[in-house]
Amino acid sequence: MHDDEYEVCIDSTLEPGSLTYGEYYLPGQTEEECLFSCHICHPSLCNDNLSGIAVVLFLAKMLSTRKNRLSYRFLFIPGTIGAITWLALNENKFSNIKAGLVATLLGDPASFTYKKTRNGDEITDKAVIHFLKFSGKDYRLIDFFPYGYDERQFNSPGINLPIGSLTRSQYGQYPEYHTSADNLELVTPEKLEESLKAYLAVTDILDNNIVYINQYPKCEPQLGKRGIYQKIGGTNEQDNELRKMAMLWCLNLSDGKHSLLDIADQASFPFDVVKQVATILEETGLLARLIG
């Protein structure tokens, strides 16, 4: 298109119609749920649409094969109007939604960018930031602002759901954005796989963020006679020492007030290490889950 001016005719009508969206609900052991949303309004664009759809589809498929504590809801909706429609029809579900992410721009070469929730200190924020901190990769954190994708609808003041957005590039900040160059040359399988693993890691933190109570809280219990040291063996002595210290942190902070993510953050340990040793302590009767 090389001419200076063009005349455009938009042949449209204003009349009652319909809006179609996809929704998949995966029930867990509790009604508390995590919501993942992607937009389907311009699927000809590879990064700004299809990458989010692909990651969310595979995330739903993989979570459906495991036993989950949380329930998961996956939305495939047109941007803006789709989120507004779903929210208008589902206010009775708001109280169950404890975390969530808007998924898009997940196949390009940029590092991860996390846009926080409106409150900035929700469990979603803590889980994603913890993952990024221990990912060993560059990342960027930005505070919430009322523009962008559907996180602005989920975080509107009358709704205020704890939903952030984990992307690579941001909208409008790469030259291929909203052009025909947003294609398979921009999106790579390696980056899509890395994004899927990131989303799985975040769900692992959210799903296993359990609150425990120390069953022997008065001073440190003797661990050797319970065979615990044999169970925490790592690949080397450094791993063993890491797990031993993580175990002491779990015993000390499992007071019914600190979750495993709280413990991991305070101890500056990867969540997976804390989760592993907490499972061992639970199996040996030193920790018990706080129910309710």
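Scroll up for the structure.
So, a few notes on the structure that sits alongside this text. (Residues numbered from 1 in each chain as written. Predicted model: local features only at pLDDT ≥ 70, side-chain atom pairs only at ≥ 80, totals over all residues. Heavy atoms only, no water.)

Considering the sheet that holds strand 5 (residues 112–115)
So, step 1. With mixed pairing, the seven strands of this open sheet are ordered in space as 1-3-2-4-7-5-6. Whereas interior strands pair on both sides, the edge strands pair on one side only; in this sheet they are strand 1 (22–26) and strand 6 (139–142). Averaged over all adjacent pairs, the angle separating strand axes in this sheet is 15 degrees, with direction ignored.
So, step 2. Against the sheet, helix 5 (residues 189–207) contacts strand 2 (33–39), strand 3 (71–77), strand 4 (97–103), strand 5 and strand 7 (163–167), and its axis sits at roughly 175 degrees relative to strand 4. (Pairing = 2+ DSSP bridges. Helix = DSSP H or I, 4+ residues; strand = E, 2+ residues; numbered from the N terminus. Axes fitted to C-alpha atoms, helices over the stretch in contact; angles between N-to-C directions. Contact = heavy atoms within 4.5 Å.)

Side note on the environment of Ile 53
So, step 1. Within the secondary structure layout, Ile 53 lies in helix 1 (residues 46–63).
So, step 2. Exposure remark for Ile 53: the relative accessible area of 15% places this residue in the buried category.
So, step 3. Setting aside chain neighbours within four positions, we find Ile 53 in contact with Cys 38, His 39, Ile 40 and Phe 76. (Buried < 20%, exposed > 50% of the residue type's maximum accessible area, 1.4 Å probe, protein only.)

Considerations on the side chain of Arg 69
So, step 1. If you trace the backbone, Arg 69 turns up in the loop between helix 1 and strand 3.
So, step 2. In this structure Arg 69 is buried but unpaired, with Glu 32 as the nearest side chain of opposite charge at 4.2 Å.
So, step 3. Among the polar contacts listed, one links the side chain of Arg 69 to the backbone oxygen of Leu 206, at a separation of 2.8 Å.
So, step 4. The contacts of Arg 69, once residues within four sequence positions are left out, are Gly 28, Gln 29, Thr 30, Glu 32, Leu 206, Asp 207, Asn 208, Asn 209 and Ile 210. (Lys, Arg positive; Asp, Glu negative; His and termini not counted. Salt bridge = Lys/Arg side-chain N within 4 Å of Asp/Glu carboxyl O. Polar contact = N/O pair within 3.5 Å; in protein donor to acceptor, adjacent residues only side chain to side chain.)

With respect to the nonpolar core
So, step 1. Phe 74 and Tyr 199 are the most contacted members of the largest nonpolar core, which has 56 residues in total.
So, step 2. Setting aside anything within four residues of it in sequence, one finds Phe 74 in contact with Gly 22, Glu 23, Tyr 24, Leu 26, Phe 36, Val 56, Leu 59, Ala 60 and Leu 63.
So, step 3. In terms of nonpolar packing, the next biggest core, distinct from the first, is built from 18 residues, Ile 77, Leu 105, Tyr 149 and Ile 163 among them. (Core = buried A, V, L, I, M, F, W, Y, C linked by side-chain atoms within 4.5 Å.)

So, the packing of helix 3 (residues 123–133) against helix 5
So, step 1. Viewed as axis vectors pointing N to C, helix 3 and helix 5 meet at an angle of 125 degrees, and their least axial separation amounts to 9 Å. As the angle between them shows, helix 3 and helix 5 are arranged oblique. Regarding helix 3 and helix 5, the two cross each other, and that crossing is right-handed. Contacts from Ile 123, Ala 127, Val 128, His 130 and Phe 131 in helix 3 reach Ala 198, Ala 201, Val 202, Ile 205 and Leu 206 in helix 5.
So, step 2. Here the contact of helix 3 with helix 5 is composed, by residue class, of nine nonpolar, one polar and no charged. (Parallel < 35°, antiparallel > 145°, perpendicular 65-115°, else oblique. Left-handed = near helix turned anticlockwise from the far one by under 90°. Nonpolar A, V, L, I, M, F, W, Y, C, P; charged D, E, K, R; others polar.)

Topic: the sheet that holds strand 8 (residues 211–214)
So, step 1. Strands sit in the order 9-8-10 across an open sheet of three strands; the sheet is antiparallel. Each having just a single partner strand, strand 9 (255–259) and strand 10 (287–289) make up the two edges of the open sheet. Across the sheet, the mean angle from the axis of one strand to that of its neighbour is 40 degrees, orientation sign disregarded.
So, step 2. Here strand 8 runs beside strand 10; their pairing, made up of three bridges, is antiparallel. In the strand pairing of strand 10, Asn 214 is matched with Leu 287.
So, step 3. On top of the sheet, helix 8 (residues 260–267) reaches strand 8 and strand 9; it is set at about 70 degrees to strand 9, its chief contact.
So, step 4. Lying over the sheet, helix 9 (residues 271–283) contacts strand 8 and strand 10, oriented at roughly 100 degrees with respect to strand 10.

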